[in-house]
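One-letter residues, chain by chain:
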Amino acid sequence: MSLTVLMNAGPWLSVPPPGYGGIENVVATLVPELRRLGVRVVLASVETSTLAAEERISVFPDGQFAALQRPYNQVCGIAQAHLAGVVRAVRTRDDIDLVHDHVEAVGLATLAAMGPDAPPALHTLHWDLAKHPALYGHLDGGDRVRVNGVSASQLARAPRALREHSVGHVHLATPLAVDADRRKPPAKGGYLLILGRVNPGKGQDVGARLAQRLRMPLVLAGPVGPYHRPADLAAAGDEARQNPDVRFFLDEVAPHVDGDLVRWIGTVAGQERDDLLAGARAALFPLRWEEPGGTAVVESLALGTPVVATARGCLPELVEHGRTGLLTTDEDELADLVSAAGRLDPDECRREAAARFTPAVMAQRYVELYERVRATAAAAAPPTVPTARLTGAALPRPAGGSGATVGTATGDLLPA
Ligand code: UDP
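Residues numbered from 1 in each chain as written. Predicted model: local features only at pLDDT ≥ 70, side-chain atom pairs only at ≥ 80, totals over all residues. Heavy atoms only, no water.

### A look at the overall build of the chain
What counts is decided by this rule: Put simply, DSSP marks the helices as runs of H or I at least four residues long and the strands as runs of E at least two long, and each gets a number from the N terminus on. As defined in this context, the radius of gyration uses C-alpha atoms, and a globule is described by 2.2 Å times the residue total to the power 0.38. Accessible area is worked out with a 1.4 Å probe on protein chains only. A residue is then buried under 20% of its type maximum, exposed over 50%, and partly exposed in between. Counted charges follow a simple rule, with Lys and Arg positive, Asp and Glu negative, and His plus the chain ends left uncounted. Where a charge lies is defined by one atom per residue type, namely NZ (Lys), CZ (Arg), CG (Asp) and CD (Glu).
For the chain, the helix and strand inventory stands at 15 helices and 13 strands. Against the globule reference of 22 Å for 416 residues, the chain gives a C-alpha radius of gyration of 23 Å, in line with a compact fold. For the chain, the spread of C-alpha atoms along the three principal axes comes to 80 × 45 × 35 Å. Across the 416 residues in the chain, those meeting the buried criterion constitute 55%. Between the averaged position of the 41 positive side-chain charges in the chain and that of its 47 negative side-chain charges there is a distance of 2 Å.

Right under this line is the structure:
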C-alpha cells in the first residue's frame, strides 16, 4: 500500500513511553503494524522517541509530561508549539496523505482550521468526551477531518457535532495479546493490583479502603501527578500539593497506604510491569469515571489476569462478566467480586485478548478508517481548477463541506 501517514503522538512523552503512557503505548503498538502493512509513517513526537518510522519529526527535545498539570497559562503553549511544528511539516512537504492525530483538543482544533487544501485527518479521541464541550459542541472539520473513539460507549456519550464527524471506534490493543493464548499460564500471587496514573477517576482510594477492609494485599502502580517514584514525591515537599492528583493521593489514598498491606510503588515499566500484572489475582478498576479506552484493562486480559471493576465506560465492552472479569454498578459489591475473582480462568482472559486486542486487529481497522476518511475527503474536494482563475477569490464551496476562501493561489493547480 502506498500511503504516507503523519502520526502525531504529541509532545508529552517519548514513544515508546519510558513507563506510564496510554496514548504513547497505543502509537508504539500501531506504528510497527502499519509499517508491516506497507504504510509509510512520519512520527511527530519528541526527540527522545526511539520508535522506528520512515521519519521522526519533533519540536521539543524531550517529553513535556511534567508540565501537563500546571496552570493553563504555563502549559497551553506547549501543545500549540508542537502543533505548529506539525502544520509546518504538512505545509512544506507534499507526501503526507493523511494525518492521524492523538493530541487532545489542540490537535483537532488545529487540523480542522487548516482549510480544504490540507490533507485529510483522523483524530483519535482517547479521553472523556465530556471535556471540551465548547470545542466538541461546535466542531466543523468539513469533510476533511474525522474523529474516531476508542470504545462504543465513549462515542455514545459524545456531543452531536462530534458524533457527526465520527467514523466509529477502534478498541485499544497491546503487543502482549500476540499469542497470549499460547504462553505458559503465570503463577498467581495473592495480591490485587491497580495499574494506572493515580487520579480520582481511577479510584485508588476506593481500592485502598477495600483492601484494608478485606485484609488483602494491594499494589498501587503508576505516577502521582508528575512523580514517578515515592522518593521523588517525598522530596518535592509542599509545592507538590499544587498538583490536583498529588492532593488526591496525599489526602484520600495515602492514609490507607501502610507500606505493608497496601503499597504505592510508583511507576513500573517493561518486564517488571508485566510480571506484576500477570501475577496479580485480579486487576482492580474501581472507576469513578467513564473509562474511555482502558489500555490497562486490555493488558490485564492479555496477561491472564481477570478484571474486577465498576461497570463504567468501556469496561462492559472489554470484559465479559463472569468469564474474563467481574463487573458491578455498585461500588459496595466490589468486595464480594474481589473474593470471587480467584475462580475465573486466566486462560479465558488470554484467549479473549489474543482474539480481540492484538496490534494486527487494531491496525487493520485503522487502515480501513484511513481509506474511509480519504474517500470522504476526496469525494467532497473541489474540482481541480487552474488557480489563475481563483486568485483572491472564494473557492467553490464543496458539497457538504465547510467552505473556505483562499487568497494566495500561486498559479499552480490546486490539489484535487
Ligand atoms: N502504565 C505503566 N506503568 C505504570 C502505570 C501505567 O506502564 O506504572 C501503563 C499501562 O500499562 C497502560 C498505560 O500506562 O499502558 C495507561 O493507560 P490507560 O489507558 O490504562 O490509562 P490512561 O491513559 O487513562 O492513563
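The structure having been displayed, the exposition proceeds.
### Considering the nonpolar core
Among soluble globular proteins, nonpolar side chains are generally buried collectively. The cut-off we apply is this: As used in this record, nonpolar core signifies buried Ala, Val, Leu, Ile, Met, Phe, Trp, Tyr and Cys residues forming a set joined through side-chain atoms within 4.5 Å. The contact criterion used is simple: two residues touch if any of their non-hydrogen atoms lie within 4.5 Å.
In this structure, Leu6, Met7, Leu34, Leu162 and Tyr370 are the most contacted members of the largest nonpolar core, which totals 67 residues. In terms of residue count, the dominant contributor to this core is helix 2 (residues 72-92) (eight residues). With residues up to four places along the chain from it excluded, the contact list for Leu34 reads Met7, Val39, Val41, Ala363, Val367 and Tyr370.

### Side note on the site of the ligand
Definition in use: Note on definitions. A residue lies near a molecule or strand when any single heavy atom of the residue is within 4 Å of it. Here a polar contact means two N or O atoms within 3.5 Å. Within protein one must be a hydrogen donor candidate and the other an acceptor candidate, and residues neighboring in sequence count only if both atoms are side-chain atoms. Every accessible area reported is derived by Shrake-Rupley at a probe size of 1.4 Å, with residue values counting cover from the shown protein chains alone. We call Asp, Glu, Lys and Arg charged. Ala, Val, Leu, Ile, Met, Phe, Trp, Tyr, Cys and Pro are nonpolar, and the rest, Gly among them, are polar. Residue ranges labeled as domains rest on an automatic or database domain assignment.
Looking at the ligand, there are 17 residues lining it, with Tyr20, Arg197, Val268, Thr295 and Glu299 nearest. Taking Ala296, its main chain carries an N or O atom lying 3.0 Å from an oxygen atom of the ligand. Isolated, the ligand exposes 540 Å² of accessible area, and the fraction of that covered by the protein chains is 93%. A total of three residues in the shell around the ligand trace back to one element, the largest contributor, which is helix 11 (residues 295-302). Of the residues assigned to the shell around the ligand, the class counts are five nonpolar, eight polar and four charged. Formed jointly, the shell around the ligand draws a minimum of three residues from each of two domains, domain 1 (3-173 + 359-379) and domain 2 (176-356).

Spatial relationships are all this shows, so hold off on functional conclusions.
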